[in-house]
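Structural characterization, general
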Amino acid sequence: SMYRSYEEELLWPLLINPPQGLSLDFVRAERSTFRWGGVDEARILALGHRVHLLPAAGHWVHTDNLAGLFDILAPTFATQIV
């Protein structure tokens, strides 16, 4: 099934060896019932990627805190791809 495929996909190789010029940022919702952080967050940061905490947001980050999500994403809108 599609969901099983999603659950089985491992993306650590992409984080470990991203294509040249690719910058990866993660948004962690403060009130999400899906908890991650700790070891995973430390590993993401150690690999040179960024993790942003979105306050007052659960799973539906775009409805819970749209302004905060915009503030996180806005700096990437002007980025040029070379």
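One can find the structure itself at the top, above this paragraph.
Presented here is a report on the structure given in the accompanying data block. (Residues numbered from 1 in each chain as written. Predicted model: local features only at pLDDT ≥ 70, side-chain atom pairs only at ≥ 80, totals over all residues. Heavy atoms only, no water.)

**Some thoughts on the overall build of the chain**
For clarity, the cut-off: In this text, helices come from DSSP runs of H or I with a minimum length of four residues, and strands from runs of E with a minimum of two, each type numbered from the N-terminal end. For every residue, the accessible area (1.4 Å probe, protein chains only) is compared with the maximum for its type, and the residue is labelled buried under 20%, exposed over 50%, or partly exposed between those bounds. Computed with the Shrake-Rupley method and a 1.4 Å probe, the accessible areas treat only the protein chains shown as cover for residues. Asp and Glu count as negative and Lys and Arg as positive, but His and the ends of the chain are not part of the count. Working definition for charges: the position is that of NZ of Lys, CZ of Arg, CG of Asp or CD of Glu.
In terms of regular secondary structure, the chain is built from five helices and two strands. Reading the helices (α) and strands (β) of the chain from amino to carboxyl end gives α-α-β-α-β-α-α. Along the three orthogonal principal directions, the C-alpha set of the chain runs to about 35 × 30 × 25 Å. Going through the 82 residues of the chain one by one, you find that 20% of them count as buried. Just so you have it, the chain exposes about 6700 Å², and 60% of that area is on carbon and sulfur atoms. Taken together, the 6 basic and 9 acidic charged side chains of the chain have centroids lying 3 Å from each other.

**Examining the packing of aromatic side chains**
Note the threshold: Note on ring pairs: Phe, Tyr and Trp rings are taken, using the six-membered ring of Trp, and paired if centres are within 6.5 Å. Classes follow the plane angle, with under 30 degrees stacked, over 60 edge-to-face and the rest tilted. In this scheme, Lys NZ or Arg CZ marks a charge over a ring once it lies within 6 Å of the ring centre and within 35 degrees of the ring normal.
Under the criterion given, the structure shown has two aromatic pairs. Seen from their ring centres, Tyr3 and Tyr6 are 5.8 Å apart, and the 40° between their planes marks the pair as tilted. Remark: Tyr6 and Tyr3 occur in helix α1 (residues 2-8); sequence separation between them is three residues, near one turn of the helix. For the residue pair Tyr3 and Tyr6, the accessibility class agrees, reading exposed in each case. A cation over an aromatic ring shows up here: Arg43 above the ring of Trp12, its NZ or CZ 4.1 Å from the ring centre.

**Regarding helix α5 (residues 66-77)**
Residues that lie three or four places apart on an α-helix share one face, since the helix turns once every 3.6 residues. Short version of the rule: Each helix should span, by expectation, one fewer than its residue count multiplied by 1.5 Å. Note: the arc covers the axis-to-C-beta directions of the helix.
Here α5 spans 16 Å end to end across twelve residues, near enough to the 16 Å set by a 1.5 Å rise per residue. Listed as buried for α5 are Gly68, Leu69 and Ile72. Down the axis of α5, the smallest arc covering the buried residues is 105°, so these residues share one side. Facing away from the buried side of α5, by more than 90 degrees, are the exposed residues Leu66, Ala67, Asp71 and Phe77.

**Comments concerning the side chain of His49**
Stated precisely, the cut-off is as follows: Any N or O atom pair separated by 3.5 Å or less is treated as a polar contact, with the protein-specific requirement of one donor-capable and one acceptor-capable atom, and with residues adjacent in sequence counted only for side-chain atom pairs. Note on contacts: a residue pair qualifies if any of its non-hydrogen atoms lie within 4.5 Å across the two residues.
Inspection of the secondary structure assignment puts His49 in the loop between α3 (38-46) and β2 (50-54). Engagement of the side chain of His49 in a polar contact is seen with the backbone oxygen of Leu15, the distance being 2.9 Å. Apart from the residues within four sequence positions on either side, His49 is in contact with Leu15, Pro18, Leu24, Phe26 and Ile44.

**Let's talk about the pairing of β2**
Regular strands show a simple pattern: their side chains alternate between the two faces of the sheet. Here is the rule we go by: When DSSP finds two or more bridges between a pair of strands, those strands are recorded as paired. We call a crossover right-handed when, viewed with the strands running away from us, the connection from the first strand over the helix to the second turns clockwise.
In this structure, strand β1 (residues 25-29) lies alongside β2, joined through five bridges in parallel fashion. The residue of β2 that forms the bridge with Asp25 is Arg50. In this view, the connection linking β1 to its parallel neighbour β2 by way of α3 has right-handed handedness.

**Description of the environment of Val61**
Within the secondary structure, Val61 sits in helix α4 (residues 61-64). In the structure, Val61 is positioned 51 residues away from Leu10 in sequence and 23 Å away in space, judged by C-alpha atoms. For Val61, the residues in contact, after removing those within four places along its chain, are Ala29, Leu54, Leu66 and Leu69.

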